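What follows is the residue order along each chain.
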Amino acid sequence: MKIFSTEHIRNIDRVTIEEEGVSSMELIHRVAEGVVNEILSRWSPSKPTMVFAGAGNNGADALIVAKLLIEAGFNPHVVLINVKGDSLSPDCRACRDELLRLGNVAMTEIVHTSHIPTLTADHLVIDGLFGTGLRNPLEGGYMAMARYINESGATVVSIDVPSGMYGDWNSRILARNVVHADLTVAVQFPRLAFFLSDNAPIVGQWKVVDIGLSRRAIEQTPTKYFFIEKDDVRRVLKRRPDFCSKADFGHALLFTGCYGMMGAAVLAARGALRSGVGKLTVHAPRCGFSVLQTAVPEALYLPDRNENVISDMTPRVNFTAIGVGPGIGTNDATRGALETLIKTIKRPMVFDADALNIISRTPALMDHIAPGSILTPHAGEFDRIFGSQASSETRLLRALEVAHKYKVIIVLKGRYSATVRPDGKIFFNSTGSAAMATAGSGDVLTGIITSLLAQGYKSEIAATAAVYIHGLAGDIAAHVEGEYGSLSGDIAACVGKAIKAIMQV
Ligand SMILES: NC(=O)C1=CN([C@@H]2O[C@H](COP(=O)(O)OP(=O)(O)OC[C@H]3O[C@@H](n4cnc5c(N)ncnc54)[C@H](O)[C@@H]3O)[C@@H](O)[C@H]2O)[C@@H](O)CC1
Ligand SMILES: Nc1ncnc2c1ncn2[C@@H]1O[C@H](COP(=O)(O)OP(=O)(O)O)[C@@H](O)[C@H]1O
Ligand SMILES: [K+]
């Protein structure tokens, strides 16, 4: 699914109205119906409700929400901001009149300064103060109103975006001056801001209401941001021909493990094998022999000269892709081996975990990494290499810079892992959950990406597809083991099932 900028959404909105003959009032009603459906599925009409409506179309949506709530038996109090009595947009005015025609509507219209009715923690607030028309961070009375709503402890449903927040980048806002939603019901598309952890306490849970904006306009409007869903991955995964052999599915080489961290090697190896690589070689220290040969007998094992750590990363097999990092430690011998690997292999590789920690100690190594390589840092690993970041938004912006500069793909791991490409495109992942916040789950991902790369998928595709598969495997594991009990071994065990579920039509 495409994620559009506010600018683009406004344009798609305009095309829908001009070329498809849908009126803006009709769109407002569709938004309101979507929002009200979400409300009715959660709260009963006895819930004390207050609707805050601004002067633009976000307010117009809110006024029709109030109307539909009244028709459903709710008894909302409506607070409409109409500065000086003449600031309502034409649609907002029409919606106010439509609402008032019901008769007996409890409404406070704020024209100058008025008293806002008392809001309690028991209330449900419908927040339609500002949507995508927000020009500046909230100030004065608007800011006070946002804080009043937040401090009341009421449950908040925001229409389109929480009021005071921009849909995309939010470097200029202060969280306490923005309405904090429990549920945000976005119009037609999720927004970039929803995928950043900084904004999670503001956006709350989010849903999208489809209001039937022009399909043609959506298809033809270019964007750099995407939300990856099952169909996107199904389209790129190749079906296997009948006449095939393991030679057709590549040979992955993993440099992984050290004394005390052989589990990382096992997990990465299982991730690689369950995602279909033809052949897998694991290069690990000698101490890993019986662990690997017992836990993953399907993998070939290449012993390092060293007993406890990897001291040499010269590829000794005819590999089609290399993955390096899980559990290798950061000792001097391994550092030297990794430096040589980076400087000699000029094909895209996958770098994770301790490989990233080693790079962070010698950042100049970034200059030698082969273009098209994939780096899979979590926030801490990213900051160690590319500098400490104040927020997830600045981290994402920095990831865009470094992906472009070094021509590499950065997978910023987290709730909505973001795959950032050198061309400035960002793919947010939809699968996965807190059940995956367990040691070793990143190692499984390294195995899957390396496996897809080894099978001939381009780096960009391998990264986004693997992240989706990994998250879905986590979801399947969590379905059985729950959010506390899922282990990274369970995630690895579900990788094949995830791919099967994706490929099933
Ligand atoms: N995307 C779509 O296709 C549709 C969007 N609709 C709704 O329309 C909304 C956008 O409506 P608008 O463009 O009218 O914009 P808004 O309703 O978000 O706000 C615009 C109003 O706020 C004022 N304003 C902006 N920033 C301010 C600030 N910092 N302080 C004080 N006043 C400020 C503007 O002067 C204007 O009066 C969307 O968020 C959505 O809720 C729907 O009604 C219909 C379809
Ligand atoms: N709350 C969450 N929601 C979705 N995915 C998560 C969540 N927490 C962790 N994950 C996923 O689990 C993996 C954790 O990787 P990482 O932090 O490298 O762990 P480790 O180093 O222990 O292997 C990442 O792919 C991440 O996206
Ligand atoms: K809003």
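Residues numbered from 1 in each chain as written. Chains lettered and ligands numbered in written order. Predicted model: local features only at pLDDT ≥ 70, side-chain atom pairs only at ≥ 80, totals over all residues. Heavy atoms only, no water.

**Structural notes on helix α4 (residues 90-100)**
Residue pairs three or four apart in sequence face the same way in an α-helix, which turns once every 3.6 residues.
So, step 1. Regarding α4, the residues found buried are Asp91, Cys92, Cys95, Arg96, Glu98 and Leu99. For α4, the buried positions fall inside an angular range of 160 degrees around the axis, keeping them on one side.
So, step 2. Against α2 (24-40), α3 (57-71), β3 (77-81) and β4 (106-110) lie the buried residues of α4. (Buried < 20%, exposed > 50% of the residue type's maximum accessible area, 1.4 Å probe, protein only. Helix = DSSP H or I, 4+ residues; strand = E, 2+ residues; numbered from the N terminus. Arc of directions from axis to C-beta. Contact = heavy atoms within 4.5 Å.)

**Here's the deal with the environment of Thr438**
So, step 1. Position of Thr438 among the secondary structure elements: in the loop between β18 (426-429) and α15 (441-454).
So, step 2. What makes Thr438 partly exposed here is its relative accessible area of 26%.
So, step 3. A sequence separation of 49 residues divides Thr438 from Leu487, and the C-alpha atoms of the two residues are 6.6 Å apart.
So, step 4. Sequence-distant contacts of Thr438, that is, excluding residues within four places in its chain, are made with Ser486, Leu487 and Ser488.

**A word on the domain arrangement of the chain**
So, step 1. Examined at the domain level, the chain breaks down into domain 1 (2-223) and domain 2 (247-503).
So, step 2. The C-alpha centroid of domain 2 is placed 42 Å from the C-alpha centroid of domain 1.
So, step 3. Every contact between the two is made by 13 residues of domain 1 and, on the other side, 8 residues of domain 2.
So, step 4. Regarding the contact of domain 1 and domain 2, the summed buried area is about 910 Å², with carbon and sulfur atoms giving 65% of it.
So, step 5. Taken as a group, Trp169, Phe195 and Asp198 account for 52% of the area that domain 1 buries against domain 2, more than any other trio of residues on that side.
So, step 6. In this structure, the connection of domain 1 to domain 2 is made through 6 residue pairs in polar contact (both at pLDDT 80 or more).
So, step 7. When its residues are assigned to classes, the side of domain 1 that touches domain 2 shows 7 nonpolar, 4 polar and 2 charged. (Domains from an automatic or database assignment. Buried area = accessible area lost by both parts, 1.4 Å probe. Polar contact = N/O pair within 3.5 Å; in protein donor to acceptor, adjacent residues only side chain to side chain. Nonpolar A, V, L, I, M, F, W, Y, C, P; charged D, E, K, R; others polar.)

**Overview of the environment of Glu109**
So, step 1. For Glu109, the position within the fold is in strand β4.
So, step 2. Considered as a pair, Glu109 and Lys343 are 234 residues apart in the sequence and their alpha carbons are 68 Å apart.
So, step 3. Within the structure, Glu109 has its side chain in polar contact with the side chain of Arg96 (distance 2.9 Å).

**Quick look at the site of ligand 2**
So, step 1. Residues in contact with ligand 2 amount to 17 residues; listed here are only the nearest, Lys413, Gly414, Ser417, Gly440 and Gly442.
So, step 2. Within the side chain of Lys413, a nitrogen or oxygen atom sits 2.6 Å from an oxygen atom of ligand 2.
So, step 3. Between ligand 2 and the protein, one listed contact pairs an oxygen atom with a backbone N or O atom of Gly440 at 2.8 Å.
So, step 4. Compared with its free state, where it exposes 580 Å², ligand 2 has 79% of that area covered by protein. (Near = heavy atom within 4 Å. Areas by Shrake-Rupley, 256 points an atom, 1.4 Å probe, with all protein chains shown as cover.)

**Observations concerning the site of ligand 1**
So, step 1. Around ligand 1, 22 residues are found, and the nearest of them are Asn58, Asp61, Gly131, Arg135 and Asp160.
So, step 2. Between ligand 1 and Asn57 there is a distance of 2.8 Å, counted from an oxygen atom to a backbone nitrogen or oxygen.
So, step 3. Contacts to ligand 1 include Asp61, whose side-chain N or O atom sits 2.6 Å from an oxygen atom.
So, step 4. Mapped onto the shell around ligand 1, the elements with two or more residues apiece are α1 (6-19), α2 and α3.
So, step 5. Partitioning the shell around ligand 1 into residue classes produces 11 nonpolar, 7 polar and 4 charged.

**Quick look at the sheet that holds strand β17 (residues 418-420)**
Strands belonging to one sheet form pairs held by backbone hydrogen bonds; the direction of such a pair is parallel or antiparallel.
So, step 1. Within the open sheet, the 11 strands sit side by side as β1-β9-β18-β17-β16-β15-β14-β13-β10-β11-β12. Their pairing is mixed. Whereas interior strands pair on both sides, the edge strands pair on one side only; in this sheet they are β1 (2-3) and β12 (300-303).
So, step 2. Across 3 bridges, the pairing between strand β16 (residues 409-412) and β17 is antiparallel. What sits directly across from Ile410, in β17, is Val420.
So, step 3. Sheet strands in contact with helix α11 (residues 332-344) are β10 (251-255), β13 (321-324) and β14 (349-351), and its direction is about 145 degrees off that of β14. (Pairing = 2+ DSSP bridges. Axes fitted to C-alpha atoms, helices over the stretch in contact; angles between N-to-C directions.)

**Things to note about the side chain of Thr281**
So, step 1. Within the element layout of this structure, Thr281 appears in strand β11 (residues 279-284).
So, step 2. Here His251 takes part through its side chain, which lies 2.7 Å from a polar atom of the side chain of Thr281.

**Section: the coordination of the potassium ion (ligand 3)**
So, step 1. Taken together, the protein ligands of the potassium ion (ligand 3) are Asn58 (OD1), Asp127 (O), Phe130 (O), Ile159 (O), Val161 (O) and Ser163 (OG), with distances of 2.6 to 3.1 Å.
So, step 2. Angles of 67 to 177 degrees at the metal separate the 6 donor atoms of the potassium ion (ligand 3), which places the site in the irregular class.
So, step 3. In primary-sequence terms, the residues that donate to the potassium ion (ligand 3) follow N-x68-D-x2-F-x28-I-x1-V-x1-S. (Donors = N, O, S within 2.8 Å, 3.2 Å for Na, K, Ca; no water. Tetrahedral: all angles 85-135°; square planar, octahedral: opposite > 155°, others 65-115°.)

**Looking at the pattern of salt bridges**
So, step 1. Counted by the stated rule, this structure contains 19 salt bridges.
So, step 2. A salt bridge links Glu26 to Arg30; the shortest N-O distance between them is 3.0 Å. Taken together, the residues span about one helical turn, with Glu26 and Arg30 both in helix α2 at a distance of 4 residues.
So, step 3. On the basis of relative accessible area, Arg30 is assigned to the partly exposed category, the value being 26%.
So, step 4. The partner of Asp352 in a salt bridge is Lys413, with the nearest N and O atoms 3.3 Å apart. Of this pair, Asp352 sits in the loop between β14 and α12 (353-361) while Lys413 sits in the loop between β16 and β17, and the two are 61 residues apart along the sequence.
So, step 5. Salt bridges here are not isolated pairs; linked through shared partners, they connect Lys67, Glu71 and Glu98. (Salt bridge = Lys/Arg side-chain N within 4 Å of Asp/Glu carboxyl O.)

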